[in-house]
Amino acid sequence: MLDKNFDPTAFESRLYETWEQAGAFAATPTRNARPFTIMIPPPNVTGSLHVGHALTMTLQDVLIRYQRMQGRDALWQPGTDHAGIATQLMVERELQREGTSRQEIGREAFLDRVWQWKAAQGGTITKQLRRLGASPDWSRERFTMDEGLSRAVRTIFVRLFNDGLIYRAKRLVNWDPEFASAISDLEVEMREVKGHLWHLRYPIEGSDLSIVVATTRPETMLGDTAVAVHPTDERFRDLIGKTIIQPITGRRIPIIADEYSDPEKGSGAVKITPAHDFNDFAVGQRHQLASPSIFDRAARVVLAEIRADAQPPDPDFFDSLEGLDRFAARAEIVAHLEAAGALVLVESHTHTVPHADRSNAVIEPLLTEQWFCNAEALAKPAIAAVEDGRVAFVPKSWENTYFAWMRNIEPWCISRQLWWGHRIPAWYGPDCTIFVAETEADAALQAEEHYGHPARLRQDDDVLDTWFSSALWPFSTLGWPDNTRDLTRYYPGDVLVTGFDIIFFWVARMIMMGLYVMGDVPFRTVLMNGLVRDERGQKMSKTKGNVVDPLALIEAYGADALRYTVTAQSGAGRNIKLGAGLVEANRSFITKIWNAARFCEMNQCRPDPAFNPAAATLPLSRWILDAANRTITEASEALDAYRLSDYALICYRFTWGDFCDWFLELAKPSLISAPGLVSVDRAGNTDDARELRAVTAHVLGILLRLLHPVIPFVTETLWDEFGYGAAGSLIRTPWPERSIVTDADAARAEVSWVIRAISEIRAVRNEMNVPAATRIPLLIRDASAETLARAQRWREEVARLARVSSLEPLHGEMPHGAAQAILDEATLILPLADIIDLAAERQRLANTRAKTASEAEKIARKLENQDFVSRAPEDIIAENRDRLDAAQAELARLDAALSRIA
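Residues numbered from 1 in each chain as written. Predicted model: local features only at pLDDT ≥ 70, side-chain atom pairs only at ≥ 80, totals over all residues. Heavy atoms only, no water.

## As for the overall build of the chain
Argument step 1. In terms of regular secondary structure, the chain is built from 31 helices and 29 strands.
Argument step 2. The dimensions of the chain, computed from C-alpha atoms along their principal axes, are 110 × 70 × 55 Å.
Argument step 3. Relative to its 902 residues, the chain shows a buried fraction of 53%.
Argument step 4. Accessible area for the chain stands at about 38,600 Å²; split by element, carbon and sulfur atoms hold 49% of it. (Helix = DSSP H or I, 4+ residues; strand = E, 2+ residues; numbered from the N terminus. Buried < 20%, exposed > 50% of the residue type's maximum accessible area, 1.4 Å probe, protein only. Areas by Shrake-Rupley, 256 points an atom, 1.4 Å probe, with all protein chains shown as cover.)

## A closer look at the packing of helix H12 (residues 375–387) against helix H18 (residues 503–518)
Argument step 1. One way to put it is that H12 packs onto H18 with a least axis distance of 8 Å and a crossing angle of 90°. Considering their axes alone, H12 and H18 lie roughly perpendicular with respect to each other. From H12, Ala375, Leu378, Ala379, Pro381, Ala382 and Ala385 reach across to H18, where they touch Ile511, Met512, Leu515 and Tyr516.
Argument step 2. Of the residues assigned to the contact of H12 with H18, the class counts are ten nonpolar, no polar and no charged. (Axes fitted to C-alpha atoms, helices over the stretch in contact; angles between N-to-C directions. Parallel < 35°, antiparallel > 145°, perpendicular 65-115°, else oblique. Contact = heavy atoms within 4.5 Å. Nonpolar A, V, L, I, M, F, W, Y, C, P; charged D, E, K, R; others polar.)

## A closer look at empty space enclosed by the protein
Argument step 1. All told, the structure shown has two cavities of 30 Å³ or more when counted by the stated rule.
Argument step 2. Every residue lining the largest cavity is listed: Gly84, Ile85, Glu187, Arg416, Leu418, Leu464, Asp465 and Thr466.
Argument step 3. Partitioned by chemical class, the residues of the lining of the largest cavity number three nonpolar, two polar and three charged.
Argument step 4. Quantified by volume, the second largest cavity comes out at close to 30 Å³.
Argument step 5. Along its surface, the second largest cavity is lined by Thr37, Ile38, Met39, Gly493, Asp494, Val495, Leu496 and Phe523.
Argument step 6. Put simply, the parts of the chain that give the lining of the second largest cavity at least two residues each are strand E1 (35–39) and strand E22 (493–499).
Argument step 7. For the lining of the second largest cavity, the element with the most residues is E22, which contributes four residues.
Argument step 8. Looking at the lining of the second largest cavity residue by residue, the classes come out as five nonpolar, two polar and one charged. (1 Å grid on protein atoms, 1.4 Å probe; cavity = no way out; pocket = protein on both sides within 12 Å on 5 of 7 lines; lining within 4 Å. Points joined across faces, edges and corners; volume = space filled by probe spheres on them.)

## Quick word on the layout of surface pockets
Argument step 1. The computed volume of the second largest pocket comes to approximately 1,200 Å³.
Argument step 2. As for the second largest pocket, its lining consists of 44 residues, and the residues nearest its centre are Thr216, Arg217, Tyr260, Asp277 and His351.
Argument step 3. Breaking the lining of the second largest pocket down by element, the ones donating at least two residues are strand E7 (188–203), strand E8 (210–215), strand E12 (269–272), helix H8 (278–286), helix H11 (326–339), strand E13 (343–356) and strand E14 (364–373).

## Brief notes about the sheet that holds E7
For sheets, the rule is that strands pair by backbone hydrogen bonds, running either parallel or antiparallel.
Argument step 1. Read from one edge to the other, the open sheet built from three strands follows the order E8-E7-E13, with strand pairing classed as antiparallel. Of all strands in the sheet, those bounded by a partner on one side alone are E8 and E13. For this sheet, the mean inter-axis angle between neighbouring strands, taken without regard to orientation, is 20°.
Argument step 2. Relative to E8, E7 is paired through six bridges, and the arrangement is antiparallel. In the strand pairing of E8, Trp198 is matched with Thr215. (Pairing = 2+ DSSP bridges.)

## Description of the packing of aromatic side chains
The description of two aromatic rings rests on the distance between their centres and on the angle between their planes.
Argument step 1. Using the criterion set out here, one finds 34 aromatic pairs in the structure.
Argument step 2. For the pair Phe157 and Trp371, a centre-to-centre distance of 5.6 Å together with 65° between the ring planes defines the contact as edge-to-face. Here Trp371 lies in strand E14 and Phe157 lies in helix H7 (residues 147–162), a separation of 214 residues in the sequence.
Argument step 3. Residue classification places Phe157 among the buried residues on the basis of a relative accessible area of 0%.
Argument step 4. When the centroid spacing of 5.8 Å and the interplanar angle of 40° are considered together, the rings of Trp412 and Phe468 count as tilted. Of the two residues, Trp412 sits in strand E16 (residues 412–413) while Phe468 sits in helix H15 (residues 466–471), which places them 56 residues apart along the sequence. (Phe/Tyr/Trp six-rings, centres within 6.5 Å; stacked < 30°, edge-to-face > 60°.)

## Digging into helix H13 (residues 398–406)
Structural remark: α-helix, 3.6 residues per turn; residues separated by three or four positions point the same way.
Argument step 1. Within H13, the full set of buried residues consists of Trp398, Glu399, Tyr402, Phe403 and Met406. Taken down its axis, H13 places every buried residue within 140° of arc, on the same side.
Argument step 2. For H13, the elements touching its buried residues are H12, strand E15 (392–394), H18 and strand E23 (523–529). (Arc of directions from axis to C-beta.)

## Observations regarding the sheet that holds E14
Argument step 1. The strand order across the open sheet built from four strands is E6-E5-E14-E16, with neighbouring strands paired in antiparallel fashion. Edge positions in the sheet fall to strand E6 (181–183) and E16, since each has one partner strand and no second.
Argument step 2. As paired strands, strand E5 (residues 166–176) and E6 are joined by three bridges and run antiparallel to one another. Opposite Asn174, over in E6, you have Ile183 as the bridge partner.

## Observations concerning the pattern of salt bridges
Argument step 1. On inspection of all chains with the given rule, the structure shows 55 salt bridges.
Argument step 2. For the salt bridge of Arg286 with Asp258, the shortest nitrogen-to-oxygen distance reads 2.9 Å. On the criterion of sequence distance, the pair formed by Arg286 in helix H8 and Asp258 in the loop between strand E11 (252–257) and E12 is long-range, its members being 28 residues apart.
Argument step 3. A residue is classified by how much of its surface remains accessible, and Asp258, at 7% relative accessible area, is buried.
Argument step 4. Linked through salt bridges whose partners overlap, the residues forming this network are Arg217, Glu219, Arg326, Arg330 and Glu364. (Salt bridge = Lys/Arg side-chain N within 4 Å of Asp/Glu carboxyl O.)

## Digging into the packing of helix H22 (residues 619–640) against helix H23 (residues 644–672)
Argument step 1. It is the contact of H22 with H23, at a shortest axis distance of 9 Å, that shows an interaxial angle of 170°. Between H22 and H23, the interaxial angle falls into the category roughly antiparallel. Along its contact with H22, which presents Leu620, Trp623, Ile624, Ala627, Ala628, Thr631, Glu634, Ala635, Ala638 and Leu639, the element H23 presents Leu644, Asp646, Tyr647, Ile650, Cys651, Phe654, Asp658, Phe659, Trp662, Phe663, Leu666 and Ala667.
Argument step 2. The residue makeup of the contact of H22 with H23, split by class, is 18 nonpolar, one polar and three charged.

Below is the structure:
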């Protein structure tokens, strides 16, 4: 017997253990079934479950559970990413607490410590995914640093190198001076900083003229190699081609014309420092400028590359900058320029500054020798794959984002100056000749052939970008470079579910690598999900204190409530709102299902193996069976089209609306068999009661199967309780199919009229503030004979559910002081003159309408104000739009209410 109160903690852990021990999540490649594959976006091994995981993992789980029930050989491939920087940081902090460092203990000992940390701490995220109810095939769990995947990385690196697609070059990269490593764009966080804009005077050689440049980084002037002005800026037209004297170094640099300079910003003239700014680097390449570096890998001043042509006006000051931290150098340079009269103006200036998201250090663009991958060559077939539809983005609009990046793609810096990660399989000979091979033994053979004798080799110290191994995930996890059975069966995958923030870093690179290695795309569909925001639509941040912990939500409301919330909110790639209030509200839906099932159990509604839906005779039975048919079709179509929020809402409407609010309420007298309600004995042993019980159990079984992908715990518990199958079997039970329903159209018309009649009467009662306990007469005018007959057939149900005292046709004039509602050809009339003060009610409604209209007008004016729209945060604009929609809906309701009063 089901407990009175729904308590998810009583069964979630037990059920999950049952599924996992039974192998319910496992793919079965030997089974004669069509495969369906989802590759999990591998979470960082350092990670804990956050709201982004809760969203994307739930959506994947909904799809994989659905496909299992469809009979597919469903593989959801799990695993974790080694997360180079994040993991190394974790272990370095441990060493720091112990009073040592990785440099002190050495590379091999440090890597041993990382593997120890991974063994002790690395399973946190996978345990938490189990708490969420995620059902990947855990027996296949992979790690991007395991031996199989490491071999795949080495193999593809060598192949790309031999094909000329990997090379070493000196280019500008995002440099983290704290970690002393290049980092990817995804590891860079743009933060708004209150700083300054310094206007500096540069004298023009051979004249008394000067040019003023504006900069947020005066310390980089040491590496200036030009000053740029816009070619159409009349102020500087005569200065283009002239030479300026850099006020600190005394170096002679040209004034050039380039459209990068914006006449509307600062002074209109900008200093160009190619070695320490990405835009300046591009200008430098266009104009063949030198690119001297003035910072070392710790972001300290190094003057070696500019000393040769420096003629500093103050050599002592120039020399004093050597070795200074960049920000200390900034302060010294600004003070020196001010004393020399070269500082023209200092403005307060708020701007965005790139920071390393792990170390919090300000990123320093730095020219360094790195390994690069020719992404442009790999991108061409990947662009074509989306253009010709081999890969489809859902929503399709995200294809534009993909194309914009891919068609302007830059070389991919794949090396990182870390110790934890896939060490680059390249070795250097005594003369620095590079030998690239999968193993050191192979590299030694190459070297011996090259030199004519054995040579001592040194392996490259760098490791590969984490995204390099992640790009191989769809095929490396299936056994590549071996031609395995799994690789043949499960590649390419069917759908990738991920966030839009990693289209470039992961999605695009998987497509590029899949085409390069396998000759086919890694997945057919990319389902994009949005960002998770708080309940007001604001971005979550620790500073705001609005970060939502999904584990706390699971603890408070159950995994099913959280899963349903994120699925229903997901939409077509839109941002979703999440908070305790929303999850608590959706727990009410789970509770509704539980209570409905408990009602069914208490009233002997048990599965009947002999039940045949086509034999149902009652209009109510045929109506709910038809509604179930339509829900099966709509839910299946939504899931097949990856419209997961639609699927959740379709199931919600059927469960809460059709089944609970209408079918059970209309059938209740027959089901509970209470004396005086229907002419049956106390056991309910009539044909009608038996049919309704069988139909109830049958439809409950359908909705449990329909809802299982999104709320697996409560549905499996109820499935087991009612004996629909063996314990824990719902996860492998076939998806429901439509059944034959006799005279479905007639049943739909009949019961639909009853539901609409009751709803209209309830709406009038609510709008007119009729006391809930008061029964009122119902008159029906202008009704056809069929409608009047239908009203008589259902008079007991209408009386009970709409609180009606009598139901009669009206052939004369409408009584004074009545409210009315139109239902098809008929008018439903509710005499209220003796129950409420209609004049006072009319005035109340009019006053409320006036107040609502004023509020709607105020909000509309605000949203029409372009100044407000351009300045207000996105969440504030969205909140005002929601308020306007609500006000307009309320106006429509009030207008309808006023129109009902006769």
